[in-house]
Amino acid sequence: MSWRRPSARIQGFRIQVVSDSDEAVRDFTLDAYTSVTSITDLTPDLDYSVSINSFDGSEESIPIFGQLTIQSGNSSDRVRRPTDTVKCSISAITDLVFLVDGSWSVGRENFKHIRSFIASLAGAFDIGEDKTRVAVVQYSTDTRTEFPLTRYNRRGDLLQAINSLPYKGGNTMTGDAIDYLLQNIFTEAGGSRKAFPKVAMIITDGKSQDSVEEYAKRLRNIGVEIFVLGIKGADEDELREMASMPHSKHVYNVPNFDQIQEVQKKIIGEVCSGVDEQLSVLVSGEELVEPASNLQVTEVASKSMRVTWDPSLGDVTGYKLTLIPMLAGMKRQELYTGPTHTSINVRDLSPETVYEISLFALKGLTPSEPIIATEKTQPVKVSTECSLGVDVQADVVLLVDGSYSIGLQNFAKVRAFLEVLVNSFDIGPNKVQISLVQYSRDPHTEFALNTHHDINAVVKAVRTFPYRGGSTNTGKAMKYVKDKIFIASRGARQNVPRVMVLITDGKSSDSFKDAATNLRNIDVEIFAVGVKDAVRTELEAIANPPADNHVFEVEDFDAFQRISKELTQSICLRIEQELLNIKKRSLLPPNDLKFSEITSRSFRTSWTPPAAKVMSYLVRYRKAEDITGDYISIALPGDATSVVLQHLFPLTAYEVNVFAQYDKGDSFPLSGEETTLEEQGPVRNLRVSEETTNSFRVSWRDAPGPVIRYRLSYVPLSGTGEILEAQTIGTETSIVLQELFPITTYRVSVFAEYSTGLGQEMQIDGTTKEGEPENLFQNDF
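These figures come from a predicted structure and were not determined experimentally.

Student: Explanation requested: the sheet that holds strand β25 (residues 524-531) in the structure shown.
Tutor: Within a sheet, neighbouring strands are paired by backbone hydrogen bonds and run either parallel or antiparallel to one another. Across the sheet, 6 strands lie side by side as β23-β22-β21-β24-β25-β26; this open sheet has mixed pairing. At either margin of the open sheet sits one strand with a lone partner, and together these are β23 (443-447) and β26 (551-554). Neighbour-to-neighbour, the strand axes of the sheet open up by a mean angle of 20°, direction not taken into account. Note: strand β24 (residues 498-504) against β25, 7 bridges, orientation parallel. When the sheet's bridge partners are listed, Thr504 is paired in β25 with Gly530. Relative to β25, helix α11 (residues 513-521) is tilted by about 140°, and along the sheet it contacts β24 and β25.

Printed below as a string of C-alpha cells:
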C-alpha cells in the first residue's frame, strides 16, 4: 500500500490491520519519510480493515480507512478502496454513544457493516480524555455496555475495539435499551461530562418489541441529540419517535446493510454539524437552565388536578408540564406556560389513573432537569340514584304507550317501572320536575311539569293514572310533547336540562322522524325503551345517539327491572353533561379567531377577548389529520390576545382551540384551522475545492425542506464574461463547474429550487489555477 506524506511536520505513521476473525490486530509504526509498505501473510477470503494516520508526539491525525479481501485460488485481489473520509472540526468535542441493535435479525455477516460504520463516524472526531469520548452499547433482549465513555483515550485503541465488537443475538427491545443509556451511560458515573455536547447514534434493523417514544423523549430532554439509522425492516414511524428534530437531519433508512455506505458520509457530516451547533449553545451558556422546585399536586378529582411549583431561580422563558399516564392507551398531556405562571389546573384526565408529572423550566428550547411527581385521579362515583345535588334542576317527561296491544295487566307493570324511575330523582319546583304523557291514537297529559312538587305526589299520580287504549301514534305524541309540554305555561324552564323517556311495545302507526328531530332541536335528550314487539330501528331513529346508552330493549313487561339501573344512570349522566354545557354557554368564549405571521414552522393565533373578565386562556393545538392524537396546550394570562405556535411541521394543517377560563370553568372553544408553509431556505457550508486551471468543485450542505434540485449561476469577477448557469441532478449537493478560464475568480450563486420557486441565494468566490493540475493525494491498496 502507498500514500502521500502530509505537508505538516510529523514523527511518523501508524498502521492498523484488523480482521473479522480472531486474528491478532497488526499495529505498527513507520518513520515520517516512508510512503509505501507491504502487508503480508493475509488469510484468503477474510475481510480486513486497514487504517493509517500520521502522528507527532501524542497528537494523531484523522485516519483514512480501506478494506480488502485476498481471494483464494488466484492472484486477483478484491480491493475496496478507501472511501472519502469526513472530518469534524478540531473543536468538535462530544460524548458520542452508539446504541447498536445486536438482535438475531441482524445476522453475524451483516454486523461487520455496522462495525465499519461505527469506526467511520467515531474516527471523524479527535479522540481523547479531554476531547471526544466514545461508548458502544449493544442491545437485544437485554442491554450491555461493550465499552464505556471512559475506556479509550487513543483513536487507535478505540478503532481496534470497534473492529473487535462481538455479535450478541436476541430480540429487539429498543425502549429498554434507551432507558439503559439514561440510567448507565449519560450519567456522571458513566463518564458523561456536564456542559459537553451529547450525541446518541441508534442503529436498528427492525421494529422494537417495546415502546420507545417516552424513553427517547427523556433522553432528548437531558440534552442528548439523537440520530437514528434504520436498516431493512426498521419502522419509519418508530425511527421518527426516537430521533431529534428536524427528522430530515436525524433519521436515515436504508433497505440493506451493504447500502449503509451510501448515507454514511451525510450522517457523519450532520453529526459533526450537530456537535458544532451544540457547542455554540453551550458556549453561550443557554443550556444552564435552573429547574423549578417544590412541585405539588392538589385539588385531585376524577378528571382534573391542580399542579403548583416554586419558580426557577434562573432566567427562564417558561415552563413545560407533561402528564404521562401509566396505563397504555391513555392520552398524555403536554402544557406550556409563561415564566410568571406557577400553577395550572389540568383538565380532561382519565379517572382512576396514575400520572407521572414532570415539570421542566425552559430557556428557549433548552429544558432544565425535570422535577417529578406522581398522582392518581379519583374514580367516578356511580349510584343507582341520580346524585345530582340539591340545587340541580331538570325537566323530565315520561311518554308512555297506552295502546290496546299492551293490555291492562302489563300496564300495571309499566306503572311499577315508572315508580322506580321517578324515585331516582330529587323532585321539587326548583329541582327535578316530572311530567307524564300517555298516548295511543291521541296523546293525553296525565300531569304537567308544574303539577306536582314533591316525590310523594308524583308517586301517587304514577300509581293511579288510567289505562286508555287505542292505536300507536308515536309521531303525533312527540309533537304534542314539544308543543304542549316543553312550554313555559306547563312548567318548562329555560337553561335547564330536558329529557324525554319513551316507553312503547310496538311499531308506530304514523310518521315519527320529523317529530323526534324537532324535539332534539330544542335540546331534548330522548331515551327509548322498547318492549316485546317494538322495532329497534324505529327506536334508534327516535333516540339520541349513541344507541348503546339511549336505546333499551326488554323481551317482556316482567323484565323492566333488568334495565332500570342502567337507564337511570344514563339519564343522570345526560343531565350532568347538559348542566356542564349550560354552564359553559354562560361562560363567554373569545371571538374572531385569526392566524397571521405564517411560516413553515410557526404561526400566530389571535383572538378578541369576550365581554367578561377572563381569568386565563388555554390554547390547544394538534395536527388536523390526527383526530385521536394528543393536544399540545399553552396556558396564557387573562390579558393575552395572541400566541405564536412554534416547532410545527411544514405544509401541515393544524386544528387550534382557544378556551376562555373562568373561576366557574372553561368556555366552549373558539376553533379554527391553519396550514404552515413549505419549508425553504438557503444552502449551508458553501465551499470550493478541487481547483484546476479550468474547473473547480462547488459543494454545500443541503437546504431545508423538499428541494427538487439546486441551481447555480457563476460569472467572472472581472466582469468580462457572461453569466453562466448549471443545475444538479436531483438533490446532489456538489457539482464541478468546467470550461472556466485559468487564474480567474468566479462569483458563484447557489439556489435551492422548490415546487413553489427558488430559495434564498448563497454566494462564494472560487479561483482557478495556473498551469497543469497537480495530483495532490493518492491512496492505493
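Student: Can you help me understand the packing of aromatic side chains in this one?
Tutor: Think of a pair of aromatic rings as described by two things: how far the centres are apart, and how the planes are tilted against each other in angle. Under the defined criterion, the tally for this structure stands at 13 aromatic pairs. Both rings, one in Trp3 and one in Phe13, keep their centres 5.4 Å apart while their planes meet at 65°; by these two values the pair is edge-to-face. Of the two residues, Trp3 sits in the segment before β1 (12-19) while Phe13 sits in strand β1, which places them 10 residues apart along the sequence. On the basis of relative accessibility, which here comes to 3%, the residue Phe13 falls in the buried class. Note on Phe696 and Tyr746: the rings are 6.3 Å apart at their centroids and 65° apart in plane angle, and the pair reads as edge-to-face. Here Phe696, found in strand β36 (residues 696-701), pairs with Tyr746, found in strand β40 (residues 745-754); they are 50 residues apart in sequence, far enough to count as distant. When its relative accessible area of 2% is taken as the criterion, Tyr746 is described as buried. Taken together, the ring pairs in this structure connect Phe411, Phe465 and Tyr467 into an aromatic cluster. We note Arg193 situated over the ring of Phe196; from NZ or CZ to the ring centre the distance is 4.0 Å.

Student: How should the state of the cysteines be read in this particular structure?
Tutor: Where two cysteines share a covalent bond between their sulfur atoms, that bond is called a disulfide. Within the structure shown, the criterion is met by 1 disulfide. Between the sulfur of Cys88 and that of Cys272 lies a disulfide, 1.8 Å long from S to S. Its S-S torsion of approximately -65° makes the covalent link between Cys88 and Cys272 left-handed. Of the two residues, Cys88 sits in the loop between β6 (77-80) and β7 (95-101) while Cys272 sits in helix α7 (residues 260-284), which places them 184 residues apart along the sequence.

Student: In this structure, what is going on with the UniProt feature "domain: Fibronectin type-III" (unreviewed entry) in the chain? I would like to understand it.
Tutor: Feature annotation in UniProt assigns "domain: Fibronectin type-III" (unreviewed entry) to the following positions: residues 291-380, 589-680 and 682-773. Summarising residues 291-380: 0% helix, 52% strand, and an end-to-end C-alpha distance of 35 Å. Structurally, residues 589-680 comprises 0% helix and 52% strand, and the distance from its first C-alpha atom to its last is 37 Å.

Student: Any chance you could explain a negative patch on the surface here in plain terms?
Tutor: A cluster of like negative charges, contributed by Glu213, Asp237, Glu241, Glu625, Asp626 and Asp630, occupies part of the molecular surface. Along the chain, Asp630 falls in the loop between β29 (616-623) and β30 (632-637). You can call Asp630 partly exposed: its relative accessible area is 33%.

Student: Can you walk me through the nonpolar core in this structure?
Tutor: Proteins that are soluble and globular tend to have nonpolar side chains buried together. Of all hydrophobic cores here, the largest spans 41 residues; its most connected members are Phe98, Phe125, Ile203 and Leu229. Breaking this core down by element, the ones donating at least two residues are β7, α1 (108-123), β8 (133-139), α2 (155-163), β10 (198-204), β11 (224-231), β12 (251-254) and α7. Discounting chain neighbours no more than four positions away, the residues touching Ile203 are Phe98, Leu99, Val100, Asp101, Ile114, Phe117, Ile118, Tyr139, Leu229 and Ile231. Residues Ile406, Leu436, Phe447 and Val501 belong to the second largest nonpolar core, which totals 38 residues.

Student: Sorry, what's going on with the sheet that holds strand β31 (residues 642-645) here?
Tutor: In spatial order, the strands read β27-β28-β31; together these 3 strands make up an open sheet with antiparallel pairing. Of all the strands in the sheet, the pair left with one neighbour each is β27 (591-596) and β31. Looking at each pair of strands side by side, their axes are set apart by 20° on average, direction ignored. Relative to strand β28 (residues 603-608), β27 is paired through 4 bridges, and the arrangement is antiparallel.

Student: Mind showing me how you'd approach helix α4 (residues 213-221) here?
Tutor: An α-helix turns once every 3.6 residues. As a result, residues three or four positions apart point the same way. Inspection of α4 places Glu214, Ala216, Lys217, Leu219 and Asn221 among the buried residues, and these make up the whole buried set. A positive backbone phi angle near 95° is found at Gly223, which sits one or two residues after α4.

Student: Can you walk me through helix α9 (residues 455-464) in this structure?
Tutor: Listed in full, the buried residues belonging to α9 are Val458, Val459, Ala461 and Val462. For α9, the angular spread of the buried residues around the axis is 165°, confining them to a single face. Exposed positions of α9 whose direction lies more than 90 degrees from the buried face are Asn456, Lys460, Arg463 and Thr464. In this structure, the buried side of α9 is in contact with α8 (408-422), β22 (432-439) and β23.

Student: Before we go on, may I ask you to explain empty space enclosed by the protein in this structure?
Tutor: Throughout the structure, instances matching the rule amount to 2 cavities of 30 Å³ or more. Roughly 50 Å³ of volume is contained in the largest cavity. Of all the secondary structure elements, the ones that give two or more residues to the lining of the largest cavity are β1, β3 (47-56) and α2. Residues that form the lining of the largest cavity fall into these classes: 2 nonpolar, 4 polar and 2 charged. Residue contributions to the lining of the largest cavity reach at least three from each of two domains, namely domain 1 (12-70) and domain 2 (95-284).

Student: Just checking my understanding: could you explain the confidence of the model for the chain for this structure?
Tutor: If pLDDT is low for a region, its predicted coordinates should not be looked at in detail. Averaged over all residues, the pLDDT of the chain equals 85, while 91% of them reach at least 70. Across the chain, the element-wise mean pLDDT spans from 45 in β6 up to 96 in β28. Contacts for the low-pLDDT stretch residues 73-84, under 50 throughout, to residues beyond four places or in other chains number 25 contacts. Every residue in residues 773-781 scores below 50 in pLDDT, and together they form 22 contacts with partners more than four places removed in sequence or on other chains.

Student: Can you walk me through the pairing of β25 in this structure?
Tutor: With respect to burial, β25 is a largely interior element, 8 of its 8 residues being buried. Residue alternation in β25 divides its side chains into two sets, Val524, Ile526, Ala528 and Gly530 and Glu525, Phe527, Val529 and Val531, and both sets are buried. Two strands pair when backbone bridges link them, and β25 and β26 are joined in this way by 4 bridges, in the parallel orientation. Paired with Val531 across the strands is Val554, a residue of β26. In this view, the connection linking β25 to its parallel neighbour β26 by way of helix α12 (residues 536-542) has right-handed handedness.

Student: What exactly am I supposed to notice about the side chain of Thr37 here?
Tutor: Mapped onto the elements of the fold, Thr37 is located in the loop between β2 (26-31) and β3. On the basis of relative accessible area, Thr37 is assigned to the buried category, the value being 16%. Once you skip the residues sitting within four places of it in the chain, Thr37 turns out to touch Met1, Trp3, Ile15, Phe28 and Leu30.

What counts and what doesn't
Residues numbered from 1 in each chain as written. Predicted model: local features only at pLDDT ≥ 70, side-chain atom pairs only at ≥ 80, totals over all residues. Heavy atoms only, no water. Pairing = 2+ DSSP bridges. Helix = DSSP H or I, 4+ residues; strand = E, 2+ residues; numbered from the N terminus. Axes fitted to C-alpha atoms, helices over the stretch in contact; angles between N-to-C directions. Contact = heavy atoms within 4.5 Å. Phe/Tyr/Trp six-rings, centres within 6.5 Å; stacked < 30°, edge-to-face > 60°. Buried < 20%, exposed > 50% of the residue type's maximum accessible area, 1.4 Å probe, protein only. Lys NZ or Arg CZ within 6 Å of the ring centre and 35° of its normal. Disulfide = S-S within 2.5 Å. UniProt positions renumbered as here; feature names shortened; annotations may be inferred. Patch = residues over 30% accessible without salt bridge, like charges linked within 9 Å, V, L, I, M, F, W, Y side chains within 5 Å. Areas by Shrake-Rupley, 256 points an atom, 1.4 Å probe, with all protein chains shown as cover. Salt bridge = Lys/Arg side-chain N within 4 Å of Asp/Glu carboxyl O. Lys, Arg positive; Asp, Glu negative; His and termini not counted. Charge placed at Lys NZ, Arg CZ, Asp CG, Glu CD. Core = buried A, V, L, I, M, F, W, Y, C linked by side-chain atoms within 4.5 Å. Arc of directions from axis to C-beta. 1 Å grid on protein atoms, 1.4 Å probe; cavity = no way out; pocket = protein on both sides within 12 Å on 5 of 7 lines; lining within 4 Å. Points joined across faces, edges and corners; volume = space filled by probe spheres on them. Nonpolar A, V, L, I, M, F, W, Y, C, P; charged D, E, K, R; others polar. Domains from an automatic or database assignment. pLDDT = per-residue confidence, 0-100. Right-handed = clockwise from strand over helix to strand, strands pointing away.

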